[in-house]
Amino acid sequence: MTRQVVLVGAGHAHMEALRQARRFANAGLSLTLIDPGAFWYSGAATGVLSGALEPDAARLNPSDLEGPFEHMRQRVVSVDPHARTLTLQDGERRAYDVLSLNTGSRIPETPLLAAGAIPAKPVSALAGLRATLEANLGQLRLAVAGAGATGVEIALSMASLQRRLGARPQTLLAGPDLMPGWPDRARRLALEAMARCGVEYVPLRVQDLSLGLVHFGQRKVAPVDILVAATGLSANVPDGLDASEAGLPVSADLSWTGDAAVFAIGDCACMVKHPRPKLGVFGVRAAPILIQNLINAAMGRPARRQYTPQSRWLSILDVGDGTGLARYGDLAFQGKPALTLKRWLDGRFLQRYRVEP
Ligand SMILES: Cc1cc2nc3c(=O)[nH]c(=O)nc-3n(C[C@H](O)[C@H](O)[C@H](O)COP(=O)(O)OP(=O)(O)OC[C@H]3O[C@@H](n4cnc5c(N)ncnc54)[C@H](O)[C@@H]3O)c2cc1C
């Protein structure tokens, strides 16, 4: 019987596996992707939000990739690793021999989401947010809860869209820790950019959203029409596996520590030996190792390649004023070349998966 390799989630690494689908077929394996929709590239998401890029610039359809694989437009609800089966949203069950999860992350359920805040993930929501702001000609009062790099970039992008629409930016960024893990110089540059671009930074935690007000505690409030929650990411893992908020624990060969026939990569995984922040770059770099290990595991070969994530990486925030804020280790730089580099890197990544008509 043909052995079944099932990929769940069209994340960064699985897009590369699909691009290399022929390798699975050449090894006599069947390859299936289960994902409900399109791949949205988060690196371009704030460019879409600010109006600098069109939504199509950030979106890819995995089915457009040519190759010997099946795409099931479904969501996986749970995994039974003992029976080696998956349960899909419509109740169908599907067997696998080797399973790989690349299901990303989400904003954890909090009272802010229950009160109507828009989650920063899935990033497709940011394209919808742009349409709402455009329909209101940029006149809405906006706030972001969570002052990590994602929150800063979203606040700057919304302010940029408001300027583009001819409105005065009314954008507030709230959170007690500004860009944790980033060097001091980057934080200083971000504060200067926010002051210049019309983003007011409030170093307080948003405690509640009600009746058009964000509440910071101690009776401090601010009026708001839209609140975006960028309050940190937790792993998206189907039920039935022993995962924490950090993700499914995986060894250096990217297999789950609980079952060597299950692999996980990207934001849904937690690399036990080398924990890293939730960033797309790690899934991209680990993809070749995942692909080889999936093929080896499905063919019953013991050989497994090991992945050691880099300890320094390049991050570039789109400031929304034609410049980028770049960080590599302890170094930080802001300017037009940083944004040019970001657009080039993002375009190069996406181009690999675009099929010319
Ligand atoms: C606004 C914003 C900007 C960001 N910018 C950057 C950046 O510039 N650089 C960077 O490195 N990181 C950035 N990040 C972080 C980045 O979003 C994540 O690290 C990255 O998307 C994770 O990629 P992934 O491959 O793990 O999964 P994703 O690319 O998120 O893909 C997950 C896929 O799994 C599918 N899926 C989920 N659950 C299921 C299920 N149960 N069944 C089937 N399919 C499922 C989804 O539909 C989706 O297609 C940003 C995040 C945000 C919110």
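In this text the structure is predicted, and so the values were computed from the model without any measurement.

## A look at the site of the ligand
And then number 1: Neighbouring the ligand are 33 residues, the closest being His12, Asp35, Val76, Asp267 and Gly280.
And then number 2: Here a nitrogen atom of the ligand and a backbone polar atom of valine 76 are 2.9 Å apart.
And then number 3: Within the side chain of lysine 121, a nitrogen or oxygen atom sits 3.0 Å from an oxygen atom of the ligand.
And then number 4: With the chains in place, 87% of the 1000 Å² that the ligand exposes on its own is no longer accessible.
And then number 5: Where the shell around the ligand is concerned, the elements lending two or more residues are α6 (149–164) and α8 (280–298).
And then number 6: When residues of the shell around the ligand are assigned to their parent elements, the largest contribution, three residues, is made by α6.

## As for the pairing of strand β14 (residues 199–202)
Side-chain positions along a regular strand alternate between the two faces of the sheet.
And then number 1: In terms of strand pairing, strand β13 (residues 171–174) meets β14 through four bridges, oriented parallel. What sits directly across from leucine 172, in β14, is glutamate 200.
And then number 2: Between the parallel elements β13 and β14, the chain passes through helix α7 (residues 184–197) in a crossover that is right-handed.

## Here we look at the pattern of salt bridges
And then number 1: This model, assessed by the stated rule, comprises 14 salt bridges.
And then number 2: The closest approach of N and O atoms between aspartate 259 and arginine 84, which form a salt bridge, is 3.7 Å. One end of the pair, aspartate 259, is in strand β22 (residues 259–264); the other, arginine 84, is in the loop between β6 (76–80) and β7 (85–88), with 175 residues separating them in the sequence.
And then number 3: Overall, the relative accessible area of 14% leaves aspartate 259 in the buried class.

## Remarks on helix α5 (residues 124–135)
And then number 1: Relative to the 16 Å expected for 12 residues at 1.5 Å per residue, α5 spans 18 Å between its end C-alpha atoms, a close match to the ideal helical length.
And then number 2: Taken residue by residue, α5 has Leu126, Ala127, Leu129, Arg130 and Leu133 as its buried positions. All buried residues of α5 lie within an arc of 160° about the axis, which places them on one face of the element.
And then number 3: Residues of α5 that are buried sit in contact with β3 (39–40), α3 (45–50), β11 (118–119), β12 (142–145), α6 and β18 (226–229).
And then number 4: Looking one or two residues beyond α5, the residue adopting positive phi is leucine 137, at roughly 50°.

## Some thoughts on a nonpolar patch on the surface
And then number 1: On the surface, Leu314, Tyr328, Leu331, Leu341 and Trp344 cluster together into a nonpolar patch covering about 510 Å² of accessible area.
And then number 2: Position of tryptophan 344 relative to the elements: it lies in helix α9 (residues 336–351).

## So, the sheet that holds strand β17 (residues 221–223)
And then number 1: Reading across from one edge, β15-β16-β17 is the order of the three strands in this open sheet, with antiparallel pairing throughout. The strands lining the two open edges of the sheet, one partner per strand, are β15 (208–210) and β17. Sheet twist, expressed as the average angle between the axes of neighbouring strands with direction ignored, equals 20°.

## So, the packing of aromatic side chains
And then number 1: Applying the stated rule across the entire model yields five aromatic pairs.
And then number 2: With a centroid separation of 5.3 Å and 75° between ring planes, the pair formed by phenylalanine 282 and tryptophan 313 is classed as edge-to-face. In this pair, phenylalanine 282 sits in helix α8 while tryptophan 313 sits in the loop between α8 and β24 (314–318), placing the two residues 31 residues apart along the sequence.
And then number 3: Through pairs of rings, three or more aromatic residues link up here, namely Phe39, Tyr41, Phe349 and Tyr353.
And then number 4: Residue placement shows arginine 327 over the ring face of tryptophan 182; its charged tip is 5.4 Å from the ring centre.

## What about the nonpolar core?
For soluble globular proteins, nonpolar side chains are generally found buried alongside one another.
And then number 1: Core analysis: the biggest nonpolar cluster contains 63 residues, and Val5, Phe24, Leu86, Leu99 and Leu101 have the highest contact counts within it.
And then number 2: Here this core gets 10 residues from one element, more than from any other, and that element is α8.
And then number 3: Those residues in contact with leucine 86 that sit more than four places away from it in its chain are Val6, Val8, Ile34, Val76, Ser78, Val79, Glu92, Arg93, Arg94, Tyr96 and Leu99.
And then number 4: Ranked by size, the runner-up nonpolar core spans 54 residues in total, among them Leu126, Leu156, Leu209 and Ala229.

## Thoughts on the domain arrangement of the chain
And then number 1: On domain assignment, one finds that the chain holds domain 1 (3–106 + 233–298) and domain 2 (111–232).
And then number 2: Placing the centre of domain 1 and that of domain 2 at their C-alpha centroids yields a distance of 30 Å.
And then number 3: Taken together, the contact between domain 1 and domain 2 spans 17 residues of the former and 15 residues of the latter.
And then number 4: Summed over both partners, the interface of domain 1 with domain 2 comes to about 1400 Å²; 64% of that surface belongs to carbon and sulfur atoms.
And then number 5: A per-residue breakdown of the area domain 1 buries against domain 2 is headed by Thr46, Leu49 and Ser50, which together make up 44% of the total.

## Considerations on the side chain of aspartate 346
And then number 1: Locating aspartate 346 in the fold gives a position in helix α9.
And then number 2: Given the relative accessible area of 9%, aspartate 346 is considered buried.
And then number 3: For aspartate 346, the contacting residues outside a window of four places in its chain are Tyr41, Gly43 and Ala44.

Conventions adopted
- Residues numbered from 1 in each chain as written.
- Predicted model: local features only at pLDDT ≥ 70, side-chain atom pairs only at ≥ 80, totals over all residues.
- Heavy atoms only, no water.
- Near = heavy atom within 4 Å.
- Polar contact = N/O pair within 3.5 Å; in protein donor to acceptor, adjacent residues only side chain to side chain.
- Areas by Shrake-Rupley, 256 points an atom, 1.4 Å probe, with all protein chains shown as cover.
- Helix = DSSP H or I, 4+ residues; strand = E, 2+ residues; numbered from the N terminus.
- Pairing = 2+ DSSP bridges.
- Right-handed = clockwise from strand over helix to strand, strands pointing away.
- Salt bridge = Lys/Arg side-chain N within 4 Å of Asp/Glu carboxyl O.
- Buried < 20%, exposed > 50% of the residue type's maximum accessible area, 1.4 Å probe, protein only.
- Expected span 1.5 Å × (residues − 1).
- Arc of directions from axis to C-beta.
- Contact = heavy atoms within 4.5 Å.
- Patch = residues over 30% accessible without salt bridge, like charges linked within 9 Å, V, L, I, M, F, W, Y side chains within 5 Å.
- Axes fitted to C-alpha atoms, helices over the stretch in contact; angles between N-to-C directions.
- Phe/Tyr/Trp six-rings, centres within 6.5 Å; stacked < 30°, edge-to-face > 60°.
- Lys NZ or Arg CZ within 6 Å of the ring centre and 35° of its normal.
- Core = buried A, V, L, I, M, F, W, Y, C linked by side-chain atoms within 4.5 Å.
- Domains from an automatic or database assignment.
- Buried area = accessible area lost by both parts, 1.4 Å probe.

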